[in-house]
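So you can see what is in the structure, the chains are spelled out below.
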Amino acid sequence: MDDCACAATASGTASLASFAASELWRTGREQRHFHVADNQVAVFNPLGPVGLAVLNRPALDVLTAYRLPQPLASAASRQLAGLGFLQSVDVLPLPALAQSKTLTAWLHVTNACNLRCTYCYVNKTDETMDETTGLAAVDAIVRSATQNGFKAIKLKYAGGEATLNFRLIRLLHDYAKDQTAAHGLNLHEVILSNGVGMSTAMLDFIRGAGMRLMISLDGLDAGHDAQRVFRNGHGSARLVTRGIDRAIAQGVKPHLSITVTRHNAEGIAAVVAFALERELLFNLNFYRENDYSASHEELAAEDARLIAGVRSAFRVIEKHLPRQSLIAALVDRSSFAGPHDRPCGAGHNYLVVDHDGGIARCQMEIERTVTDIMAADPLEVIRLQPAGFQNVSVEEKEGCRECQWRYWCAGGCPLLTYRVTGRSDVKSPYCNVYQALFPELLRLEGLRLLKWAQTPLQ
Ligand code: SF4
Ligand code: SF4
């Protein structure tokens, strides 16, 4: 089966030697095919563990022959079974859901910001996290991580504009490094920035510390400038793009966070081209304003603009297929990197620490803290929080249970759904947008695999 490649390395794939000769196998349920090139078809397997593979005609013939159950009679059929595309008739197919071993914490190191973005949820003040609070926050995160069996912590230094309190970031990095080493935990760190004020010294530190840098860029000109503005109303696009190029020149490749709204949907193709030219990773997040009051017609019109905007970005990607997969981050909170039943860790493996040491479940709810850094195990309090949105499994969401995309979409942001519908156990308000884009996303990934995949089946 030459020219056959899979989208992800799956830890759950079966050993090729482990199949009983008498066992009957059949094509996995709910699989979908997408034409990607002459005699090349991308096959999507909703239950994973490998979600997507590109098969040539002989491989596809093997797969389709198993619509009638039969033993694994060839090396090709055993490989398809190992990847999960053929399933034993004796085993109830279940998704290979991964459990996160990382406790992620948002550290709100400052409430101040030099921008006034139109969609920002932070009520800006000049308050900052002080040293005592920051150190106690790291202690609390490490405490919860060890008590709950995590293997790693991930710190997201955020605000406001996190770099406005860079002195604290340096201090917390050193302390977190010591504390995680002492407790046998791995440490991952990322700074979230608007990209307008990064000095040479900051970039040198980020590179030396092995931190990741995430910068928000919503367009190259008017699209970005309509929503990411300084206090005086002037747009920040020129300064941000200049800052990104300076970071790259200093050896720091930022990850771009692109927020798609009705104001910039037409311009995101340009920012995606900008990222691809520089080989930067990026993700597309959706933001919807006025969900509480918008009429059905307004929402449908907004959906159409979002879909058109993302499609224009897909066309750019198709022309410049990157070596690295983008499948985890192109359609809002969905991820096709591996099957999962929740879109994020809120309420499960996520802490948001505000500048005073209060702890909330999500950064969008930073003003609704439910515990603080002095709690014996803040994560336990977060997990048991009964009020407000609940981050339930996609299997509990009305409208999602039977959906073919459920283990890759996971039903969308639970907080947004709760705010719009008053319920957490229903499908996302973005469902129509997701359903329109997922098939195109998989076709795009199939094309990328065809161009770059390094792991052809034998
Ligand atoms: S939100 Fe829509 S696309 Fe996503 S899992 Fe639910 S029904 Fe499927
Ligand atoms: S609840 Fe929504 S906004 Fe909060 S972390 Fe989850 S996906 Fe993100």
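Scroll up to find the structure.
Residues numbered from 1 in each chain as written. Chains lettered and ligands numbered in written order. Predicted model: local features only at pLDDT ≥ 70, side-chain atom pairs only at ≥ 80, totals over all residues.

S.K.: What should I look at first to understand the overall build of the chain in this one?
M.R.: Counting its regular elements, the chain contains 13 helices and 15 strands. The C-alpha radius of gyration computed for the chain amounts to 23 Å, which stays within 12% of the reference 23 Å derived for 458 residues, consistent with globular compactness. For the C-alpha atoms alone, the extent of the chain along its principal axes is close to 70 × 50 × 45 Å. Here the chain holds 458 residues, and the buried ones make up 45% of them. Once local pairs closer than 6 in sequence are excluded, the contacts in the chain between residues at least 24 apart make up 74%. (Helix = DSSP H or I, 4+ residues; strand = E, 2+ residues; numbered from the N terminus. Rg over C-alpha atoms; globule rule 2.2 N^0.38 Å. Buried ≥ 20, exposed ≤ 12 C-beta atoms within 10 Å, placed from the backbone. Contact = placed C-beta atoms within 7 Å.)

S.K.: Would you take a moment to explain the environment of Glu445 for this structure?
M.R.: Checked against the element boundaries, Glu445 lands in helix α13 (residues 431–452). Judged by the 25 C-beta atoms lying within 10 Å of it, Glu445 is buried. Sequence separation between Glu445 and Leu326 is 119 residues, and the spatial gap between their C-alpha atoms is 7.8 Å.

S.K.: How should the site of ligand 1 be read in this particular structure?
M.R.: Looking at ligand 1, there are 14 residues lining it, with Cys400, Cys403, Cys409, Lys427 and Cys431 nearest. Residue contributions to the shell around ligand 1 peak at three residues, all from α13. Looking at the shell around ligand 1 residue by residue, the classes come out as seven nonpolar, five polar and two charged. (Near = placed C-beta within 6 Å. Nonpolar A, V, L, I, M, F, W, Y, C, P; charged D, E, K, R; others polar.)

S.K.: Help me understand the packing of helix α1 (residues 57–65) against helix α2 (residues 75–82) in this model?
M.R.: When two helices pack together, their arrangement is captured by the angle between the axes and the distance separating the axes. α2 packs onto α1 with a crossing angle of 75° between their chain directions and a minimal axis gap of 10 Å. Relative to α2, α1 is oriented roughly perpendicular. Of α2, the residues touching α1 (which contributes Ala59, Val62 and Leu63) are Ala76, Ser77 and Leu80. Residues belonging to the contact of α1 with α2 are distributed by class as follows: five nonpolar, one polar and no charged. (Axes fitted to C-alpha atoms, helices over the stretch in contact; angles between N-to-C directions. Parallel < 35°, antiparallel > 145°, perpendicular 65-115°, else oblique.)

S.K.: How should the nonpolar core be read in this particular structure?
M.R.: The tendency in soluble globular proteins is for nonpolar side chains to be buried as a group. In terms of nonpolar packing, the biggest core is built from 119 residues, with Leu107 and Ile141 touching the most fellow members. Top element by residues in this core is α13. It accounts for eight residues. (Core = buried A, V, L, I, M, F, W, Y, C linked by C-beta atoms within 7 Å.)

S.K.: Sorry, what's going on with the sheet that holds strand β8 (residues 152–158) here?
M.R.: The strands making up a sheet associate through hydrogen bonds between their backbones, and the pairing can be parallel or antiparallel. Spatial ordering of the open sheet is given by β12-β11-β10-β9-β8-β7-β13-β14-β15, a layout of nine strands whose pairing is mixed. Both edges of this open sheet fall to β12 (282–286) and β15 (371–372), since each of them pairs with a single strand only. This element, helix α3 (residues 131–147), spans β7 (102–108), β8 and β13 (350–353) of the sheet and lies at about 165° to β7. Strands β7, β8 and β9 (186–193) of the sheet are contacted by helix α4 (residues 166–182), whose axis makes an angle of about 165° with β9. (Pairing = 2+ DSSP bridges.)

S.K.: Can you help me understand the site of ligand 2 in this one?
M.R.: The environment of ligand 2 is made up of Arg333, Pro343, Cys344, Ala346, Cys362, Met364, Cys413, Pro414 and Leu415. Classifying every residue of the shell around ligand 2 by side-chain character gives eight nonpolar, no polar and one charged.

S.K.: Explanation requested: the environment of Thr241 in the structure shown.
M.R.: Here Thr241 lies in helix α7 (residues 237–249). For Thr241 and Val196, which are 45 residues apart along the polypeptide, the C-alpha to C-alpha distance reads 8.6 Å.

S.K.: Honestly, the packing of α3 against α4 in this entry has me stumped. Any pointers?
M.R.: Contact pair α3 / α4: the axes reach a minimum separation of 10 Å and the direction vectors enclose 30°. Here α4 runs roughly parallel to α3, going by the angle between their axes. Crossing angle aside, the handedness with which α3 passes α4 is right-handed. Packed against α3, whose contacting residues are Glu131, Gly134, Leu135, Val138 and Val142, the element α4 presents Leu168, Leu171, Leu172, Tyr175, Ala176, Gln179 and Thr180 at the interface. Taken together, the residues of the contact of α3 with α4 sort by class into eight nonpolar, three polar and one charged. (Left-handed = near helix turned anticlockwise from the far one by under 90°.)

S.K.: What's the story with unusual backbone geometry in this structure? I'm lost.
M.R.: With the exception of glycine, the majority of residues adopt a negative phi angle, and the majority of peptide bonds are in the trans configuration. One non-glycine residue with positive phi stands out, namely Asn39, at about 60°. With respect to the helices, strands and loops of the structure, Asn39 is situated in the loop between β3 (32–37) and β4 (40–44). Even without being glycine, Asp332 reaches a positive phi, approximately 55°. Within the secondary structure, Asp332 sits in the loop between α9 (296–319) and β13. Assessed through the 24 C-beta atoms surrounding it within 10 Å, Asp332 is described here as buried.

S.K.: Can you walk me through helix α8 (residues 268–277) in this structure?
M.R.: Within an α-helix, residues lying three or four positions from one another point in the same direction, as the helix has 3.6 residues per turn. Ile268, Ala269, Val271, Val272, Phe274 and Ala275 are the residues of α8 that are buried. Two residues or fewer past α8, Glu279 is found with a positive phi of approximately 55°.

S.K.: Is there a simple way to think about helix α12 (residues 414–421) in this case?
M.R.: Of the residues making up α12, those classed as buried are Pro414, Leu415, Leu416 and Thr417. At the C-terminal side of α12, Gly422 shows a positive phi close to 80°.

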